[in-house]
Amino acid sequence: MKLPIALSNRHIHLGQKDIEVLFGEGAELTHFKDLSQPGQCACQEKVDVIGPKGEIKGVRVLGPARGETQLEISLSDGFKLGVKAPIKDSGDLEGTPGVKIVGPKGEVELERGVIVASRHIHMHTDDAEKFNVTDNQKVKIRTSGGRAVVFENVLVRVSPKFALEMHVDVEEGNAAGVRNGDLVELINE
């Protein structure tokens, strides 16, 4: 059975308190374009990220606001910034490094929140039934083409709020030669 894959570039999810520090009191995120997951969007707002060794300018903010700020980067971004970001599931910020976030109105010194997002699949409950998988199960995914790979340890996340799609970071996607919307095969062992 096949499902679409998407490559995720660096981005940041901001908590409301940090939004107001970075963009001004009472600031709210401004919709730029919808993302594949229902209710999620890329915002017009961007921030600069400063680590011990370097900085990355113009990191896109994704909305809506989250409970806690989380910066998702690639391993290469980590080298550039000088932080050792662990590969983690979204929202699991325990033991993660921090960085400085700079917006047009202020800056935030994050104590934690920098991760390299682990590869995962968003699945609606109906899709989980069709694929015969459950929430938090780990599966394998096979890509096709000249650089075909099998991704192991792919976390399945099931919710009636999700749309079917696998997410990998840009580095993983490029290494496997996949593009947004390509179909990949789920191997359920």
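How each quantity is defined
- Residues numbered from 1 in each chain as written.
- Predicted model: local features only at pLDDT ≥ 70, side-chain atom pairs only at ≥ 80, totals over all residues.
- Heavy atoms only, no water.
- Helix = DSSP H or I, 4+ residues; strand = E, 2+ residues; numbered from the N terminus.
- Buried < 20%, exposed > 50% of the residue type's maximum accessible area, 1.4 Å probe, protein only.
- Contact = heavy atoms within 4.5 Å.
- Areas by Shrake-Rupley, 256 points an atom, 1.4 Å probe, with all protein chains shown as cover.
- Lys, Arg positive; Asp, Glu negative; His and termini not counted.
- Charge placed at Lys NZ, Arg CZ, Asp CG, Glu CD.
- Patch = residues over 30% accessible without salt bridge, like charges linked within 9 Å, V, L, I, M, F, W, Y side chains within 5 Å.
- Salt bridge = Lys/Arg side-chain N within 4 Å of Asp/Glu carboxyl O.
- Phe/Tyr/Trp six-rings, centres within 6.5 Å; stacked < 30°, edge-to-face > 60°.
- Lys NZ or Arg CZ within 6 Å of the ring centre and 35° of its normal.
- 1 Å grid on protein atoms, 1.4 Å probe; cavity = no way out; pocket = protein on both sides within 12 Å on 5 of 7 lines; lining within 4 Å.
- Points joined across faces, edges and corners; volume = space filled by probe spheres on them.
- Nonpolar A, V, L, I, M, F, W, Y, C, P; charged D, E, K, R; others polar.

Draft legend 1. Region of the structure containing the overall build of the protein. From N to C terminus, the protein includes 4 helices and 15 strands. Residue burial in the protein is summarised as follows: out of 189 residues, 46% are buried. Taking all contacts inside the protein whose residues are at least 6 apart in sequence as the whole, residues at least 24 apart take part in 66%. Surface accessibility of the protein: about 9,900 Å² in total, with carbon and sulfur atoms responsible for 48%. Each charge class in the protein can be summarised by its mean position, and for the 24 positive and 29 negative side chains these summaries are 5 Å apart.

Draft legend 2. Molecular detail of a nonpolar patch on the surface. Taken together, L75, F79 and I87 make up a surface patch of nonpolar side chains, about 340 Å² in accessible area. Relative to the elements of secondary structure, F79 occurs in helix α2 (residues 75–81). Judged by its relative accessible area of 62%, F79 is exposed.

Draft legend 3. How the structure looks around the packing of aromatic side chains. This model, assessed by the stated rule, comprises 0 aromatic pairs. Against the face of F32 rests R60, its NZ or CZ located 4.3 Å from the ring centre.

Draft legend 4. Seen up close, the layout of surface pockets. Empty space within the largest pocket amounts to approximately 1,100 Å³. When contributions to the lining of the largest pocket are tallied by element, the ones reaching two or more residues are β1 (2–8), β2 (11–15), β3 (31–34), β5 (55–66), β10 (114–117), β11 (120–123), β14 (165–169) and α4 (170–176). With 6 residues, the top contributor of residues to the lining of the largest pocket is β5. Residues belonging to the lining of the largest pocket are distributed by class as follows: 14 nonpolar, 15 polar and 13 charged.

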